[in-house]
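The chain contents come next:
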Amino acid sequence: MQICHTIDEIRVTRRRARRDGKSLGLVPTMGALHEGHLSLVRMAKAQCDLVAASIFVNPLQFGPNEDLAKYPRNFERDRELLEKEGVDLIFVPSVQEMYPAGAVTYVTVEGLGDKLCGRSRPGHFRGVTTLVSKLFNLVEPDRAFFGQKDAAQSTIIRRMVRDLNIPVQIVVCPIVREPDGLAMSSRNAYLDAQQRKSALALYRSLMEVQERFDQGERKVHALIEAGKQSCARVPSLRLDYFEIVDLETLEPVDDFSRGALVAVAAFVGNARLIDNIVLGPA
Ligand code: AMP
């Protein structure tokens, strides 16, 4: 397994892989890896000759009062996990390498970047799309693997790739959950035992909505209310949003004719957690 720290190294390595005619899959991450990340790696292994994972805690996607400084970092553990999965290459650049002084160019997906998490985290998706487009330019993957866990992110990246004609296929993989249903997240590490229990309210609220939908409820407002009330039963949970939106536009829907994304975000202590389900067309 090769570890590249610099842009020069990654470009040389990419050129070599291209000469050999090998297909390359990329799994972008911020490290602090868990089974959710590893599921993306396994999907990439199944679909590509070579797999690269990037590890970069991207300052551009954190707001000024967010958890950039204390975001969990453990490169040695991540390296071991990726090696065990048979990853061929890790790209682990420094902030300086990715954003040298004077960098002022950003990639913005207009009209989508301010939806869902983008509303409460201004600039977050601009940070994501700027970094991911740089990673695509550097690694030139044939396919890139993202998690449905960050559903809005996947939608926005798909749109960016389409709009900018980036020659990469985006593959979105299912959410990996803990046995009790909590979506795996690097930020779950922030939770103490009591908060860990409270955090389950996100999944429970989605299951409540799913159940009502399965029983025939199609009024969007009623489903959102049910989800919000379910969250409200846990007083230590601070709801950011509970929304039902179109899978492509991220705009609120009136019906389920095109299917819909049910997305929730909430703070438990200082940890901001997100989760979602997709409700199929009626
Ligand atoms: P992150 O390190 O949080 O930026 O996540 C890197 C990638 O892993 C993103 O595409 C996420 O959507 C994906 N991911 C994170 N958690 C999960 C999960 N529980 N299940 C599936 N994919 C996930």
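So, here's what we can say about the structure.

**Things to note about the sheet that holds strand β8 (residues 260-268)**
The strands making up a sheet associate through hydrogen bonds between their backbones, and the pairing can be parallel or antiparallel.
Logical step 1: Spatially, three strands are ordered β7-β8-β9 in an open sheet, and the strand pairing comes out antiparallel. This sheet does not close on itself; its edge strands, each paired only once, are β7 (237-245) and β9 (271-279). Averaged over all pairs of adjacent strands, the angle between strand axes in this sheet comes to 15°, irrespective of strand direction.
Logical step 2: With nine bridges connecting them, β8 and β9 associate as antiparallel partners. Residue pairing in the sheet places F267 in a bridge with R272 of β9.
Logical step 3: Its contacts with the sheet put helix α8 (residues 193-214) on β7, β8 and β9, and the angle it makes with β9 is roughly 20°.
Logical step 4: Against the sheet, helix α9 (residues 220-232) makes contact with β7 and β8, and its axis sits at roughly 160° relative to β7, the strand it touches most.

**Regarding the pairing of strand β6 (residues 169-173)**
Logical step 1: Relative to β6, strand β5 (residues 143-147) is paired through five bridges, and the arrangement is parallel. Note that in β6 the partner of G147 across the bridge is C173.
Logical step 2: Read from β5 through helix α7 (residues 151-163) to β6, the crossover connection turns out right-handed.

**A few points about the packing of aromatic side chains**
Logical step 1: The full count for this structure, using the stated rule, is four aromatic pairs.
Logical step 2: Each ring, one from F56 and one from Y99, has its centre 6.1 Å from the other, and the planes form 50°; the classification is tilted. You can see F56 sitting in the loop between β3 (50-55) and α3 (75-84) and its partner Y99 sitting in the loop between α4 (95-98) and α5 (117-120), a full 43 residues away along the chain. The two residues F56 and Y99 agree in class, both being buried.
Logical step 3: Between F213 and F256, the ring centres sit 5.0 Å apart and the planes meet at 65°, which makes this aromatic pair edge-to-face. Separated by 43 residues along the polypeptide, F213 in helix α8 and F256 in the loop between β7 and β8 bring together distant segments of the chain.

**A few points about helix α2 (residues 35-47)**
Working note: α-helix, 3.6 residues per turn, so residues spaced by three or four point in the same direction.
Logical step 1: With 13 residues, α2 should reach 18 Å at 1.5 Å per residue; the first-to-last C-alpha distance of 18 Å fits that figure.
Logical step 2: Inspection of α2 places G36, H37, L38, S39, L40, V41 and A44 among the buried residues, and these make up the whole buried set.
Logical step 3: Along its buried surface, α2 packs onto β2 (24-29), β3, α3, β5 and β6.

Definitions and cut-offs
- Residues numbered from 1 in each chain as written.
- Predicted model: local features only at pLDDT ≥ 70, side-chain atom pairs only at ≥ 80, totals over all residues.
- Heavy atoms only, no water.
- Pairing = 2+ DSSP bridges.
- Helix = DSSP H or I, 4+ residues; strand = E, 2+ residues; numbered from the N terminus.
- Axes fitted to C-alpha atoms, helices over the stretch in contact; angles between N-to-C directions.
- Contact = heavy atoms within 4.5 Å.
- Right-handed = clockwise from strand over helix to strand, strands pointing away.
- Phe/Tyr/Trp six-rings, centres within 6.5 Å; stacked < 30°, edge-to-face > 60°.
- Buried < 20%, exposed > 50% of the residue type's maximum accessible area, 1.4 Å probe, protein only.
- Expected span 1.5 Å × (residues − 1).

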